[in-house]
Amino acid sequence: MSFNHIVIQNILRDKWTYVSYFLSSMFSIIIFFLFSVIVFHPNLKSLDPDSTLGISLMLASMLVYLFSFIYIIYSIRAFLRKKTKTLGIFMITGASMKQIRKLVFRENLLIGIIAIVTAIVLGLVITPLFLMGAKVVLKADTFGMYMPLQAMGLTIGLFLILFVVISTVVTRFINKEASIQLLKSDTVIEKPIKPHYVLLVLSIMMTATLAYLLKIEHSIVDTLSVLYYLLFFISILSTIYLVIAQGFRLFLKIYEKSPAYLQKTNMLLASNLNAKMKSHANMLFLITILLSGVFLCTSILFSSYYNVKKASEENYPYSFQYIADPKADDNMVKADLDYLEKTLSTVQAHKYYIEFKSNEDQRIGYMALSDYNLLQQQETDLGKDEFIAVAGSRDVAPIINTANDLYINSFKLARTQEQNLLSTGFQQSYFIIPDDIYDAIDYPVYKTYIYELDDWTAHTELANTITSDIPSLPGERYVTSKIDLYDTEMFVKSVMFFIGSMLSLIFLSAAMSILYFYLQTTLQQEKEKYIGIRKLGLSKKELATVIAKELAILIFVPFSIAITLLLITLLSMRTMVSTAFLQVSMASSFCFFVLFLISYLLIRKSYFKRLVS
């Protein structure tokens, strides 16, 4: 019998242990492959790699691979824990550590290669449907099927390297003494969680302080830069773990002193939780972190869709805005306007003509009150020595100090308007003044032609045509369109949502896989324990009750903590995301709750069946 034959027979004889490891690895590879199919799609070749979107795609690819690396390491370690008795038997029968490591290395590498090949084949089958879905999400005109050779090469190369590296490194942690000890794992008792309430309070205080600095003291955050975010991330993880571990310990202490402890099977449940307190706390922590990633990705990225239209209107208030520079050629301006009139003749458009004069050195615009009223569709009155200060850029307060102004230095401020009047950034501020004062100002005149379309979000193709045919030319004309901006931003948000969806899918599958591995590695020990307890008179119904409550804790406690963290995060970011984030978060949370409830029912039934078989 050859060594490779032993490897294959070892896999076949314990196939269910290997199947769980194989499926988790294959799923990670499929997600990465499908993500790579999008990244290398011909439609995205024109994407600037140095743009925000290009960098986001690159970072997301690295994040997906990094997470797959960590996830597969966890899967291998869980797999090795499940195989401990088998390895111990090999050692007792005379196998050397070199042979054991060689056996494990070849098993992992073989499963890894099979997982890669299977993932590529399934990925190619799924790709056409996946690209159809991506076309809808990314709102692309054409996003058809192609032969993803680059994605295949990258996936095979990176994951082959990953399995070789992980299989080599992980096998170094196997040693004879530990394996023989774990062969007698029935006698191993977990160490209890020690009380660290002072450390918990300090961790919470540190996290709260760092969060306060992020919200208020931006100068300190900018100074510390990457170090601050690293400390903040570590602090959050530490706080979450301490809250879960110490909270779990405190809950059990209080529960054991309550009247409910002596009722029905609660004593057995509490005893079981106490016996596995540390491993349960670790499991709750891991699943909480993964679910938090899922909820944040879906809620924040999806809620950003609701803000695109509003943000586009705040940056560029009109469907089309054409500003002729004072030095522009009149024939060019006339030709451009004739083109606009002809192109927009097929749609319902409201047209406005206004002008403003600009102090070009200070980039201050002066507009007649009549033109302002025309744009605002209202009747505002001003005194002879009054003016209105209007913002020139989004989220930048208008200038109100006119002490050094050549024309209105003695005027009184009637009111301010925070919303920019024309395209953001064209002027620092606009001063709205009486018509007669405006006529007396001797500054260059910028003629402005505005077109506002009904149902403007439906005219993205028209906007792309116009902005392509008459682009902005500094010193001659300035053309902006909120429709074009909206279309661009929606594409960016769609790609970001796609990235978030991929990450969410990985996080969610990892959470379920980690729970599955945890139950698998403790199944035999739990089975033997409950066989002994049933001999003392425990019925199947009572056993089912204990199992149901324990699984509910492992599944729904992390879910509740992750939801709480999501709400805290979104409330702290309410000024940065859409006001619709709460509705989106509640809807997505409800969907995930239903998914988790179904998973809980299936896992409970399957686990109980295997436990009593």
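Each remark here, short or long, concerns the structure printed above.
For clarity, every value in this text was computed on a predicted model and none was experimentally measured.

Chemist: Give a detailed account of the packing of helix α10 (residues 226-256) against helix α11 (residues 266-275), specifying residues and quantitative values.
Modeler: Contact geometry of α10 with α11 gives a least axis separation of 11 Å together with a crossing angle of 150°. In this view, α10 runs roughly antiparallel relative to α11, as classed from their interaxial angle. As α10 packs across α11, the resulting crossing turns out to be left-handed. Counting all contacts with α10, which are made through Phe248, Leu252, Tyr255 and Glu256, the residues of α11 involved are Asn266, Ala270, Leu273 and Asn274. Across the contact of α10 with α11, the residue classes break down as five nonpolar, two polar and one charged.

Chemist: For the packing of α11 against helix α19 (residues 540-572), give the residues involved together with the corresponding values.
Modeler: Relative to each other, α11 and α19 sit at 45°, their axes nearing to 10 Å. Classified by the interaxial angle, the pair formed by α11 and α19 is oblique. Considering only the axes of α11 and α19, their crossing is right-handed. In this structure, α11 uses Asn266, Leu268, Leu269, Asn272 and Leu273 to contact α19, whose residues at the interface are Val546, Lys549, Glu550 and Ile553. For the contact of α11 with α19, the class distribution of residues is five nonpolar, two polar and two charged.

Chemist: Describe the sheet that holds strand β5 (residues 412-417), listing the residues and the values that go with them.
Modeler: The strand order β5-β4-β6-β3-β2-β7-β1-β8 describes an open sheet built from eight strands, whose pairing is mixed. In the strand order of this sheet, the two ends are held by β5 and β8 (477-480), each with one partner. Ignoring which end each strand starts from, the neighbouring axes of this sheet average 25° apart. Alignment of strand β2 (residues 349-359) against strand β7 (residues 445-453), held across nine bridges, turns out to be antiparallel. By the bridge assignment, lysine 351 is partnered in β7 with tyrosine 451.

Chemist: With reference to specific residues and values, describe the packing of aromatic side chains.
Modeler: Two numbers describe a pair of aromatic rings. These are the distance of the centres and the angle of the planes. Applying the stated rule across the entire model yields 21 aromatic pairs. With a centroid separation of 5.4 Å and an interplanar angle of 80°, the aromatic rings of tryptophan 456 and tyrosine 486 are classed as edge-to-face. Of this pair, tryptophan 456 sits in the loop between β7 and α17 (460-469) while tyrosine 486 sits in helix α18 (residues 482-535), and the two are 30 residues apart along the sequence. Comparing tryptophan 456 with tyrosine 486, the two get one shared label, buried. Linked through ring pairs, Phe295, Phe556, Phe559, Phe592, Phe593, Phe596 and Tyr600 together constitute an aromatic cluster. Lying across the ring of tyrosine 438, lysine 357 places its NZ or CZ 4.6 Å from the centre.

Chemist: I'd like a description of the side chain of lysine 357, backed by residues and values.
Modeler: With respect to the element layout, lysine 357 can be found in strand β2. No salt bridge is formed by the buried lysine 357; its nearest oppositely charged neighbour, aspartate 439, is found at 5.3 Å. A polar side-chain atom of lysine 357 sits 2.8 Å from the main-chain carbonyl oxygen of isoleucine 441. Among residues more than four places away in sequence, those in contact with lysine 357 are Ile364, Gly365, Tyr366, Tyr438, Asp439, Ile441, Tyr443, Pro444 and Val445.

Chemist: Could you give an account of the nonpolar core, with specific residues and numbers?
Modeler: Within the largest apolar cluster, 91 residues are counted, with the highest numbers of intra-cluster contacts made by Ile72, Phe159, Phe163, Leu291, Phe295, Tyr530 and Ile547. With 18 residues, α18 is the single largest residue contributor to this core. Isoleucine 547 has contacts with Tyr530, Tyr607, Phe608 and Leu611, leaving out every residue within four places of it along the chain.

Chemist: An account of the environment of lysine 191 is requested, with residue identities and associated values reported.
Modeler: Looking at the secondary structure, you find lysine 191 in the loop between α7 (176-183) and α8 (197-215). The spatial distance from the C-alpha of lysine 191 to the C-alpha of methionine 277 is 8.5 Å, given a sequence separation of 86 residues.

Chemist: How would you sum up the pattern of salt bridges? Please name residues and give values.
Modeler: Using the criterion set out here, one finds nine salt bridges in the structure. The salt bridge partner of aspartate 338 is lysine 334, with a shortest N-O separation of 3.1 Å. Within this pair, aspartate 338 and its partner lysine 334 are both found in helix α14 (residues 330-343), separated by four residues, close to a single helical turn. Arginine 477 is paired through a salt bridge with aspartate 336; the nearest N and O atoms lie 2.8 Å apart. Taken together, the residues span a long stretch of sequence, with arginine 477 in strand β8 and aspartate 336 in helix α14 at a distance of 141 residues. If you follow the salt bridges from partner to partner, you end up with Glu313, Glu452 and Lys482 in one network.

Chemist: How would you explain the pairing of β2 if you had to name every residue and give the values?
Modeler: Side-chain direction in a regular strand flips from residue to residue, so the side chains alternate between the two faces of the sheet. Relative to strand β3 (residues 364-368), β2 is paired through three bridges, and the arrangement is antiparallel. Note on β3: the bridge partner recorded for serine 358 is glycine 365. In this antiparallel pair of consecutive strands, β2 and β3, the connection spans four residues, and arginine 363 shows a positive phi of 55°.

Chemist: How would you sum up the side chain of threonine 380? Please name residues and give values.
Modeler: Mapped onto the elements, threonine 380 comes out in the loop between α15 (369-376) and β4 (386-391). Only 3.0 Å separates the side chain of threonine 380 from the side chain of glutamine 378, close enough to count as a polar contact. What threonine 380 contacts, discounting residues up to four positions off in sequence, is Leu369, Tyr372, Asn373, Ile388 and Arg415.

Definitions and cut-offs
- Residues numbered from 1 in each chain as written.
- Predicted model: local features only at pLDDT ≥ 70, side-chain atom pairs only at ≥ 80, totals over all residues.
- Heavy atoms only, no water.
- Axes fitted to C-alpha atoms, helices over the stretch in contact; angles between N-to-C directions.
- Helix = DSSP H or I, 4+ residues; strand = E, 2+ residues; numbered from the N terminus.
- Parallel < 35°, antiparallel > 145°, perpendicular 65-115°, else oblique.
- Left-handed = near helix turned anticlockwise from the far one by under 90°.
- Contact = heavy atoms within 4.5 Å.
- Nonpolar A, V, L, I, M, F, W, Y, C, P; charged D, E, K, R; others polar.
- Pairing = 2+ DSSP bridges.
- Phe/Tyr/Trp six-rings, centres within 6.5 Å; stacked < 30°, edge-to-face > 60°.
- Buried < 20%, exposed > 50% of the residue type's maximum accessible area, 1.4 Å probe, protein only.
- Lys NZ or Arg CZ within 6 Å of the ring centre and 35° of its normal.
- Lys, Arg positive; Asp, Glu negative; His and termini not counted.
- Salt bridge = Lys/Arg side-chain N within 4 Å of Asp/Glu carboxyl O.
- Polar contact = N/O pair within 3.5 Å; in protein donor to acceptor, adjacent residues only side chain to side chain.
- Core = buried A, V, L, I, M, F, W, Y, C linked by side-chain atoms within 4.5 Å.

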